[in-house]
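One-letter residues, chain by chain:
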There are 2 protein chains.
Amino acid sequence: MNIYDISKQAGVSIATVSRVLNGSDKVSPATREKVLKVMEQNSYTPNAFARSLGLNSMHTVGILCADSSDVYLASAIYYLERELRYHSYASMLCCTGYQLEEKKKYLQLLLSRNVDALFFVGSNFVEDTEKNNAYLFEAAGKVPVFILNGYLAGDNIHSVLCDDSLAVSEMTDTLIKRGSRSPVYLYRSLSYSGKRKLAGFQEACEKNGISDGKGRAFSCPAPVHDTMTFLAGLEKDLTFDACITADDELAVGAVKYALSQGKKIPAEFQVTGYNNSLLSTCSTPEITTVDNRVEFMCTTAVSLLMQVLDGKDIPARTMFSADLIHRETTN
Amino acid sequence: MNIYDISKQAGVSIATVSRVLNGSDKVSPATREKVLKVMEQNSYTPNAFARSLGLNSMHTVGILCADSSDVYLASAIYYLERELRYHSYASMLCCTGYQLEEKKKYLQLLLSRNVDALFFVGSNFVEDTEKNNAYLFEAAGKVPVFILNGYLAGDNIHSVLCDDSLAVSEMTDTLIKRGSRSPVYLYRSLSYSGKRKLAGFQEACEKNGISDGKGRAFSCPAPVHDTMTFLAGLEKDLTFDACITADDELAVGAVKYALSQGKKIPAEFQVTGYNNSLLSTCSTPEITTVDNRVEFMCTTAVSLLMQVLDGKDIPARTMFSADLIHRETTN
DNA sequence: TTGTAGGCGTTATCAG
DNA sequence: CTGATAACGCCTACAA
């Protein structure tokens, strides 16, 4: 059943059928009714592919992330998809993992579907060298590109991100004000946002006269038990009375480490997480964390995309501040 | 840049270009090289829409779930997408929430994109009445439909699910054998799988001579604090020394309730979760739970889809058993 | 092995 | 307001 069949049955031309289909106002109410009735009777639905071919768009955007089962990324995807759907765009999801070659390869999967735009969720998509970012520039040559929680300067590339540096800096500052004399900082990766967080920690250390800020930051494995082991090992070389982490999962590990060592939280040992995810409230005691406003980030990004698709000019970079959520792991 | 431009530049017909594009073996190596070179030089990519129009497929499937930020659903989506991508299918994600009208509406979003198949993740898509399931039957009239963790009999509908009833029954049985005399069961919803789990609990109660099995099962709100409040209230009317739950988040709430009341886990109070999610190990003590094998479910479903697309005949229903994971909240 | 021509189902541009 | 007709870009018999 196609537009020709409908046009025949309704006794009009395909052009008229198409007009009815697209809600054009240049159709008389009478013929409109007639056509709609025939469509109804045949439960006709227009062919999306033919439509796309003519319009060169399927009203679909691509969402790339390293791992959609990560609690933080999962919620970002949730909000993005919701907002896009609200604007009647469909979302194609693609999890690329953390390897550059895979990212490139799976980007093609999306690009080959002619998506209208691309969201790269997580700063791990921004590589260190111009050359390794070539794939992003190339993508931006075809469709508008949005980087969430990361930043890269380039034509047709837009970044929406939280001021992670400031957030960690404030958090560290607060911890020190509340009694920590020797905090350590734990991170998983040094992506763009990873570096910014680290910088925040070091800045706060410096400001508070803690000289060896650099020597107090560590890359640490994330599964809870590995984090515990790591801290237990670290204890042999270094004294520390607080643990600032780059995400809630690391914080859970830190809490469990402290509990297993019989340290009192927060009196003897303070812990902070990042992301304000479910994990932070599932822990006992509940974890003080940074709310980096995923939902705001996603709704903002989608609304910016809509403006771009409207032909408007938008800033290359939009940054917003985080919120500190005080719970039971800090004084 | 289209197939005509390439054909002109290469001095061949569009048919030949198309053959090269599709890896036909009926092209001489010489002309193939020639054509490939021209494509390369112009960094030509075929237009997906035109292609789809002829083939009537974009190699894309739709994934529906209530809420992709839910830890369990998020991991299901992750595995589904991974497997589909492996078979070079793209995934369109759509979160419908729990309202029937929304489910119907957003199903259209996917159907209107002419996806090749549909995955409904979570048994909440299967409604109580034939009439309310009409939207599923209708969808199945257009493309193969897979229901994950739920079951509905119907043409072109395939279910892949874990034997939840058996799992909860075994878990309850184990708890009783390990000392519980008065367990309660907590659930969030009575979806298909929700009902099966509940049935498992009641069956085990009966088997073990606990007469009021029905009176010991409760619908309970999920956010951790609400669960705690609920149990604290329940305590006034009922004695219970163990809490079997329908998902890990409820279990976390139960653990926190016990801790807040100073009950010793597991000596005085046992708790079990469901899903073997990150939450179960982030809790302290770590939660005994049911591993319902999300990954297996997803890889199985995708592999079944591939068989369907291959024209093979597959069973309407595939069921597999769960695994009990013993941790620190049970004796 | 290669080329021609028709079809896929729309949308859009003209005339009328 | 309506209709004819040409795109849109690719695939695939069928011919050569």
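The rules behind each value
Residues numbered from 1 in each chain as written. Chains lettered and ligands numbered in written order. Predicted model: local features only at pLDDT ≥ 70, side-chain atom pairs only at ≥ 80, totals over all residues. Heavy atoms only, no water. Helix = DSSP H or I, 4+ residues; strand = E, 2+ residues; numbered from the N terminus. Rg over C-alpha atoms; globule rule 2.2 N^0.38 Å. Buried < 20%, exposed > 50% of the residue type's maximum accessible area, 1.4 Å probe, protein only. Contact = heavy atoms within 4.5 Å. 1 Å grid on protein atoms, 1.4 Å probe; cavity = no way out; pocket = protein on both sides within 12 Å on 5 of 7 lines; lining within 4 Å. Points joined across faces, edges and corners; volume = space filled by probe spheres on them. Nonpolar A, V, L, I, M, F, W, Y, C, P; charged D, E, K, R; others polar. Near = heavy atom within 4 Å. Polar contact = N/O pair within 3.5 Å; in protein donor to acceptor, adjacent residues only side chain to side chain. Buried area = accessible area lost by both parts, 1.4 Å probe. Salt bridge = Lys/Arg side-chain N within 4 Å of Asp/Glu carboxyl O. Pairing = 2+ DSSP bridges. Axes fitted to C-alpha atoms, helices over the stretch in contact; angles between N-to-C directions.

- Going by an unreviewed UniProt entry, chain A carries the name LacI family transcriptional regulator and comes from Eisenbergiella massiliensis.

Overview of the overall build of chain A
Item 1. Scanning chain A from N- to C-terminus turns up 13 helices and twelve strands.
Item 2. Against the compact-globule benchmark of 20 Å for 331 residues, chain A has a radius of gyration of 26 Å, which places it well outside the compact range.
Item 3. Seen through its principal axes, chain A has C-alpha atoms that stretch 85 × 40 × 30 Å.
Item 4. Counting over 331 residues, chain A shows a buried share of 56%.
Item 5. Relative to all contacts within chain A whose residues are 6 or more apart in sequence, the contacts with residues 24 or more apart total 70%.

Some words on the layout of surface pockets
Item 1. In this structure, the largest pocket spans a volume of roughly 1300 Å³.
Item 2. Around the largest pocket, the lining comprises 48 residues; the ones closest to its centre are Asp67, Asp70, Tyr98, Arg188 and Glu249 of chain B.
Item 3. At the level of elements, α5 (71–86), α12 (278–282) and α13 (294–309) of chain A together with α5 (71–86), α9 (192–207) and α11 (248–260) of chain B are the ones that each hand at least two residues to the lining of the largest pocket.
Item 4. Broken down by class, the residue content of the lining of the largest pocket amounts to 17 nonpolar, 17 polar and 14 charged.
Item 5. Its volume calculated, the second largest pocket comes out at about 880 Å³.
Item 6. Lining the second largest pocket are 27 residues; nearest its centre among them are Pro46 and Ala48 of chain A together with Leu111, Ser112 and Arg113 of chain B.
Item 7. With five residues, helix α4 (residues 48–55) of chain A is the largest single contributor of residues to the lining of the second largest pocket.
Item 8. Among the residues making up the lining of the second largest pocket, the classes are represented as ten nonpolar, twelve polar and five charged.

Concerning the protein's contact with DNA strand C
Item 1. Every one of the 27 residues lining DNA strand C counts as a neighbour, but Ser18, Tyr44 and Arg51 of chain A together with Arg19 and Thr31 of chain B are closest to it.
Item 2. Within 4 Å of the protein, the contacting atoms of DNA strand C are 60% sugar and phosphate, with bases supplying the remainder.
Item 3. In this structure, a phosphate oxygen belonging to DNA strand C sits 2.7 Å away from a side-chain N or O atom of serine 18 of chain A.
Item 4. At a separation of 2.8 Å, a phosphate oxygen of DNA strand C approaches a polar backbone atom of serine 13 of chain B.
Item 5. Those elements giving two or more residues to the surface near DNA strand C turn out to be α1 (3–10), α2 (14–21) and α4 of chain A together with α2 (14–21) and α4 (48–55) of chain B.
Item 6. For the surface near DNA strand C, a count of residues per class yields 14 nonpolar, nine polar and four charged.

What to know about the interface of chain A and chain B
Many analyses report the size of an interface as the accessible area lost when the parts associate.
Item 1. On the chain B side, the residues contacting the 48 residues of chain A number 48 residues.
Item 2. Both faces considered, chain A and chain B share a buried interface measuring about 4200 Å² in area, 64% of it formed by carbon and sulfur atoms.
Item 3. Taken as a group, Phe49, Arg85 and Arg113 of chain A account for 17% of the area that chain A buries against chain B, more than any other trio of residues on that side.
Item 4. Applying the counting criterion to the chain A and chain B interface returns two salt bridges.
Item 5. Counting every contact that joins chain A to chain B gives 22 residue pairs in polar contact (both at pLDDT 80 or more).
Item 6. Looking at the side of chain A that touches chain B, the elements that each hand over two or more residues are α4, α5, β2 (90–95), α6 (100–111), α10 (224–234), α11 (248–260) and α12 of chain A.

Some thoughts on the sheet that holds strand β8 (residues 242–245) of chain A
Residues and elements named next belong to chain A.
Item 1. Taken together, the four strands give an open sheet; going across it, the order is β7-β6-β8-β9, and neighbouring strands pair in parallel fashion. Across the chains shown, the open sheet's two edge strands, defined by having one partner strand only, are β7 (217–219) and β9 (270–272). Mean inter-strand twist for the sheet, computed between neighbouring axes without regard to direction, equals 20°.
Item 2. Sheet topology note: the β8/β9 ladder contains three bridges and is parallel. Looking at β9, one finds that cysteine 243 is bridged to valine 271.
Item 3. Sheet contacts for α11: β6 (183–187), β8 and β9; angle to β9, the most-contacted strand, approximately 165°.

Focus: the sheet that holds strand β7 (residues 217–219) of chain B
Note: strands within a sheet are paired through backbone hydrogen bonds, in either parallel or antiparallel orientation.
Residue and element names in this part refer to chain B.
Item 1. The strand order across the open sheet formed by four strands is β7-β6-β8-β9, and the pairing between neighbours is parallel. Each having just a single partner strand, β7 and β9 (270–272) make up the two edges of the open sheet. Here the average twist between neighbouring strands, direction ignored, is 20°.

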